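Each chain is listed here by its residues.
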Amino acid sequence: MRVMLRARLDTQIANEAVKNGTLPKIMQEMSERIKPEAAYFGPSDGKRCCTFVFDMQESPEMPAIAEPLFELGAEIEIHPIMNAEDLVKGLAAVRS
């Protein structure tokens, strides 16, 4: 299932992770683990934020995916999402 993960990082913890080099390492490891179709980084609500869109095979993957972000004091949201092709297929099923 395609999901979107958005994480807002704690500023103080993320500042320290930038200084000691762990923030880029964690983001690289996340990307290698989940193989996102898209990854975005920028500010959200005054905090560092990352957004990944990826395919999650099973819900038990969530703890392993989220734990490194929790170590950065992140507030995490994971939502099922669709692209335009998925939406067309879903709406076609509703009409049938």
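Since we're looking at a predicted model, the values are computed, not measured.

This part covers the packing of aromatic side chains. Under the counting rule described, the total for this entry stands at 1 aromatic pair. Measuring from ring centre to ring centre gives 5.8 Å for Phe 41 and Phe 52, while their planes differ by 85°; the resulting arrangement is edge-to-face. On the criterion of sequence distance, the pair formed by Phe 41 in strand S2 (residues 38–44) and Phe 52 in strand S3 (residues 47–55) is long-range, its members being 11 residues apart.

Positive phi, close to 50°, is recorded for Lys 35, a residue that is not glycine. Counting through the fold element by element, Lys 35 comes out in the loop between helix H2 (22–34) and S2.

Our next topic: the sheet that holds strand S4 (residues 75–80). With antiparallel pairing, the 4 strands of this open sheet are ordered in space as S2-S3-S1-S4. If you trace the sheet from one side to the other, it starts and ends with S2 and S4, each paired once. Between one strand axis and the next, the sheet turns through 15° on average, direction left out of account. When strand S1 (residues 2–8) meets S4, the two strands line up antiparallel, connected through 6 bridges. Bridge pairing links Arg 8 to Glu 75 in S4. Where H2 meets the sheet, it contacts S2 and S3, and its direction lies at approximately 15° from that of S3.

Reading the values: rules and limits
- Residues numbered from 1 in each chain as written.
- Predicted model: local features only at pLDDT ≥ 70, side-chain atom pairs only at ≥ 80, totals over all residues.
- Heavy atoms only, no water.
- Phe/Tyr/Trp six-rings, centres within 6.5 Å; stacked < 30°, edge-to-face > 60°.
- Helix = DSSP H or I, 4+ residues; strand = E, 2+ residues; numbered from the N terminus.
- Pairing = 2+ DSSP bridges.
- Axes fitted to C-alpha atoms, helices over the stretch in contact; angles between N-to-C directions.
- Contact = heavy atoms within 4.5 Å.

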